[in-house]
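Observations on the model geometry
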Protein chains: 2
Amino acid sequence: LAVRGKATHRDTRRLNEQLVLRTIYGRSPISRADVARLTGLTRTTVSDVVDGLLAEGLAEEVGVGPSTGGKAPILLRVPADARHLVGVDVDDDKISGVIVNLHGEIQRREAVPISGRDGERALADLDGLVDRLVAGAERPLLGVGVGTPGIVDTAGGVVRWAVSLDWRDVPLADRLRVRTGLPVSVVNDSQAAAMAEWTFGRHPGSQGMVVIKVGNGIGAGIVIGGQLYQGESSGAGEVGHSRVVPEGARCHCGSRGCLEVVASVRAAVARAGALSAVYPGSVLGSGPVTFESIVEATQAADPLAMRVAHDVALPLGRVLGTIVGVLDISDIVLIGPMTALGDPWLSVVTDEARRSALPILAQRTRIHIGHVGPDVVELGTAALLMNSELGLALAA
Amino acid sequence: LAVRGKATHRDTRRLNEQLVLRTIYGRSPISRADVARLTGLTRTTVSDVVDGLLAEGLAEEVGVGPSTGGKAPILLRVPADARHLVGVDVDDDKISGVIVNLHGEIQRREAVPISGRDGERALADLDGLVDRLVAGAERPLLGVGVGTPGIVDTAGGVVRWAVSLDWRDVPLADRLRVRTGLPVSVVNDSQAAAMAEWTFGRHPGSQGMVVIKVGNGIGAGIVIGGQLYQGESSGAGEVGHSRVVPEGARCHCGSRGCLEVVASVRAAVARAGALSAVYPGSVLGSGPVTFESIVEATQAADPLAMRVAHDVALPLGRVLGTIVGVLDISDIVLIGPMTALGDPWLSVVTDEARRSALPILAQRTRIHIGHVGPDVVELGTAALLMNSELGLALAA
């Protein structure tokens, strides 16, 4: 039996600070009186807390609002550049990083190509990239957020298993904390992306969201009630190894017919090669095919490319149908390189997802392409840090 | 932006009452002083609240504990029979109801056979059953809980769609509230079952749980952080229509190859018929087969029955693998008629689930048969009412 006790005095003070900061951030420009009204805190408490925020530079006064009888109230806001954050996306082929402000505006970008598989080298490249970003920061840094593929223990800051990077039990947060002296948060890349779409993606009316990142790997991030749902061991959303083709080809995970084997970017390239003899007139020809050439050919409605888009979309749609049935959630957002296939792919994913869940549930789920763009993982790690360090949360 | 304000005075009083009651319920026998220590409330507040609970019969004094220097403290508990509840399970072929006390002990059972498909008749049968149970109650009733298949809007108490009963938008809670004058809670049957396994099932160390009910229908209930997760429209866990066989047989939902078409009790019977020619020596013979005869034949390791158990287990295991990947949850609990197939079925479900999720996640998930038994839906509706009406919650 879990008994929750009263909050301590110190907890209360911190919660009040976060409540006031969150209110100013979400409703600015706003007066102290309106903050008190919205939060239920007394005017005195609000004034005390605001004095502290002004001193820390986390709030500023920005003029006066309309008078409601007495003196016109002074309005407050959180300056976008009060703090900056470092956000990093560790991908198969490159590590990208940004410096971003509290409004999610990118201030600077850095990237370094990596060859997956050499885990030590990738770590050294990550160190270098973080060093350069931290050194170049022009405002106080709130922290460093890193998104990586694989299973990440977010509480411990440890990458438990990232196959494509050959990382096993890498204590990434400790490593970067010692290096930079800053708070560090490490999270699965799809989970970070989900937080970014939720926070910065402008999806009006969304109550919950599953964000699926489809590249060479396939993973999902889940936002329920405005919070990232990570499951019991931070592994929630690891759908890349759902077995969708019982006797399918081997997967690097040891099983067969996993979603990643039939619905990933690599699967699309393999499928184009396997089908080229069936479509002799295809602009893709009969030689080696790249994913970029498939994307181009799809835009020209090339029959082979259209068939490939269809074939890799079907199993993904089927897994999405199951996700809709399990979670009953209003938005499924697709991101990652595969989305470049556009409508010939998206329409098949959507139709198959609707055929793979009870109609009464499937009808209300919207399936669409993400809004945030290529910095989605970096922005997601920043959103998580803003939440953990300052209690800031933007609703969708 | 959602701003949560302070609790009002009235809210605080109700929360304190629930906190004290929950503490006595979960830790009894317990002294007022220990309640104060565990909850962080003052001794005075605890004494006031306990006086109210004693007056309502929700607490009683049960002797004295060891003295810690001063006067030996009086110990408190919640009497198991302080309130009784009515719990009802509306199934395909019968409606069952119980009267149960606050410890989940069954006081009385009633059942009435129904022929599904006649929705009006089923409603009348439900009314009659509830009337008899309420009339026979020997203690004050806390309320009536009803579990039904299909999509149930729990907040509104409306059965939105129960295919097997031909119920569409039936305002069941209002109907029974008017009839009985008691609080009524209506919930999907698998969701209720999940709450029962969590609350009464004794699954030590469980952090979260997915309970899958496999009969003619297949549905899941999900408990995360001790709470029933119902999704945005109370539909969470509706996995019966996950499309597992792309070109499979038609389902009553309009799609093809749904999990219910290949993994339900009905599917097992159909599969036995289809395979009987291949196993001429089977004890099941070549005539019409019942599910009961398959269960018996499985216990005798009859080859046809074993094959049927295997074939209906595989697609279920595959969907469970996806659920493990999505939710990252420690316990999957199987309940319902299909579990009678025992180990030949369970072992295939378990193996295929492990092959259908990333090993690092699948390893930590336990898959087993439920502990609560045939009253699981009734007990689950009671657990939900105890929680909504009194704030009582037993942790696993």
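Moving on, we come to the side chain of Glu352(B). For Glu352(B), the position within the fold is in helix α11 (residues 343-355). Judged by its relative accessible area of 1%, Glu352(B) is buried. Among the polar contacts made by the side chain of Glu352(B), one reaches the side chain of Arg243(A) at a distance of 2.9 Å. Contacts of Glu352(B), omitting those with residues within four sequence positions, involve Arg243(A), Leu314(B), Gly317(B) and Arg318(B).

We now examine the pattern of salt bridges. As enumerated under the stated definition, the model contains 40 salt bridges over all chains in all. Ionic pairing is found between Arg179(B) and Asp127(B), a salt bridge with its closest N-O pair at 3.7 Å. On the criterion of sequence distance, the pair formed by Arg179(B) in helix α5 (residues 172-180) and Asp127(B) in helix α4 (residues 119-135) is long-range, its members being 52 residues apart. With a relative accessible area of 43%, Arg179(B) lands in the partly exposed category. For Asp311(B), the salt bridge goes to Arg271(B), with nearest N and O atoms at 2.9 Å. Of this pair, Asp311(B) sits in helix α10 (residues 303-327) while Arg271(B) is found in helix α8 (residues 265-275), placing the two residues 40 residues apart along the sequence. In this structure Asp311(B) comes out as buried when scored by relative accessible area, which is 16%. In this structure Arg271(B) comes out as partly exposed when scored by relative accessible area, which is 30%. Where salt bridges share partners, they join Asp127(A), Asp131(A), Arg175(A) and Arg179(A) into one cluster.

A separate point is the packing of α8(B) against α10(B). All names here are of chain B. Interhelical geometry of α8 versus α10 gives an angle of 130° and a closest axis separation of 9 Å. Taken together, α8 and α10 sit at an angle that is classed as oblique. α10 is crossed by α8, and the crossing has right-handed handedness. Contacts between α8 and α10 involve Ala267, Ala268, Arg271, Ala272 and Leu275 on the former and, on the latter, Leu304, Arg307, Val308, Asp311 and Val312.

All names here are of chain A. What the 5 strands build is an open sheet, ordered β14-β13-β12-β15-β16; its pairing is mixed. The open sheet has two free edges, formed respectively by β14 (227-229) and β16 (366-369), since each of these has just one partner strand. Adjacent strand axes in the sheet meet at a mean angle of 25°, parallel and antiparallel pairs treated alike. Pairing analysis gives 4 bridges linking strand β15 (residues 331-335) to β16, with the strands arranged parallel. Within β16, the residue paired with Val333 across the bridge is His368. Along the sheet, helix α11 (residues 343-355) makes contact with β12 (208-214), β15 and β16, crossing β16 at roughly 160°.

Moving on, we come to empty space enclosed by the protein. By the definition in use, this model includes 4 cavities of 30 Å³ or more. In this structure, the largest cavity occupies an estimated 160 Å³ of space. As for the largest cavity, its lining consists of Ser242(A), Arg243(A), Val244(A), Pro246(A), Arg318(A), Val319(A), Thr322(A), Arg243(B), Val244(B), Arg318(B), Val319(B) and Thr322(B). Split by residue class, the lining of the largest cavity holds 5 nonpolar, 3 polar and 4 charged.

A few words on the relation of the copies chain B and chain A. Mapping chain B onto chain A is achieved by rotating through 180° and translating by 0.1 Å along the same axis, at an RMSD of 0.1 Å. These values place the two chain copies in the arrangement generated by a two-fold rotation axis. A shared binding surface is used by both copies, with 98% of the interface residues of chain B retained as interface residues in chain A.

In this section: the pairing of strand β9 (residues 158-162) of chain A. Residue and element names in this part refer to chain A. Summarising burial for β9: 4 of the 5 residues are buried, a large majority. Strand direction decides the pairing type here: strand β8 (residues 151-153) and β9, joined by 3 bridges, are antiparallel. By the bridge assignment, Asp153 is partnered in β9 with Val158. Between β8 and β9, which pair antiparallel in sequence order, lie 4 residues; one of them, Gly157, sits at a positive phi of approximately 70°. Looking at chain direction, β9 and strand β10 (residues 167-170) are connected through 3 bridges and run antiparallel. Bridge pairing in β10 links Ala162 to Trp167. Hairpin connection, β9 to β10: the antiparallel pair is bridged by 4 residues, and Asp166 has positive phi, about 60°.

Below, the discussion takes up the interface of chain B and chain A. Between chain B and chain A, the residue contacts involve 59 residues of the former and 58 residues of the latter. Between Arg243(A) and Glu352(B) there is a salt bridge; the shortest N-O distance is 2.9 Å. Those elements that provide at least two residues to the side of chain B that touches chain A are α1 (9-27), α2 (32-39), β9 (158-162), β13 (218-224), α10, α11 and α12 (359-362) of chain B. Among the elements that make up the side of chain B that touches chain A, the one with the highest residue count is α10(B) (7 residues). Its residues assigned to classes, the side of chain B that touches chain A shows 26 nonpolar, 20 polar and 13 charged.

With 115 residues, the main nonpolar core has Ile212(A), Trp345(A), Ile212(B) and Trp345(B) as its most contacted residues. Excluding residues within four positions of it along the chain, Ile212(A) makes contact with Ile218(A), Gly219(A), Ala220(A), Leu316(A), Leu320(A), Ile323(A), Ile332(A), Val333(A), Leu334(A) and Ile335(A).

In this section: the confidence of the model for chain A. Predicted coordinates in regions of low pLDDT should not be interpreted in detail. Residue and element names in this part refer to chain A. When pLDDT is averaged along chain A, the result is 91, and 97% of the positions lie at 70 or above. Low pLDDT (under 50) marks residues 1-5, which in the prediction has 14 contacts with non-local residues, meaning those over four places away or in another chain. For this predicted complex, the interface score ipTM comes out at 0.88, while the overall pTM is 0.89.

Residues and elements named next belong to chain A. Reading across the sheet, the 3 strands line up as β1-β3-β2 and stay open at both edges, with antiparallel pairing between neighbours. The outermost strands of the open sheet, each flanked by one partner alone, are β1 (30-31) and β2 (60-64). Pairing analysis gives 3 bridges linking β2 to strand β3 (residues 74-77), with the strands arranged antiparallel. Of the residues in β3, the one forming a bridge with Glu61 is Leu76.

Cut-offs applied
Residues numbered from 1 in each chain as written. Chains lettered and ligands numbered in written order. Predicted model: local features only at pLDDT ≥ 70, side-chain atom pairs only at ≥ 80, totals over all residues. Heavy atoms only, no water. Helix = DSSP H or I, 4+ residues; strand = E, 2+ residues; numbered from the N terminus. Buried < 20%, exposed > 50% of the residue type's maximum accessible area, 1.4 Å probe, protein only. Polar contact = N/O pair within 3.5 Å; in protein donor to acceptor, adjacent residues only side chain to side chain. Contact = heavy atoms within 4.5 Å. Salt bridge = Lys/Arg side-chain N within 4 Å of Asp/Glu carboxyl O. Axes fitted to C-alpha atoms, helices over the stretch in contact; angles between N-to-C directions. Parallel < 35°, antiparallel > 145°, perpendicular 65-115°, else oblique. Left-handed = near helix turned anticlockwise from the far one by under 90°. Pairing = 2+ DSSP bridges. 1 Å grid on protein atoms, 1.4 Å probe; cavity = no way out; pocket = protein on both sides within 12 Å on 5 of 7 lines; lining within 4 Å. Points joined across faces, edges and corners; volume = space filled by probe spheres on them. Nonpolar A, V, L, I, M, F, W, Y, C, P; charged D, E, K, R; others polar. Least-squares fit on C-alpha atoms with pLDDT ≥ 70 in both. Core = buried A, V, L, I, M, F, W, Y, C linked by side-chain atoms within 4.5 Å. pLDDT = per-residue confidence, 0-100.

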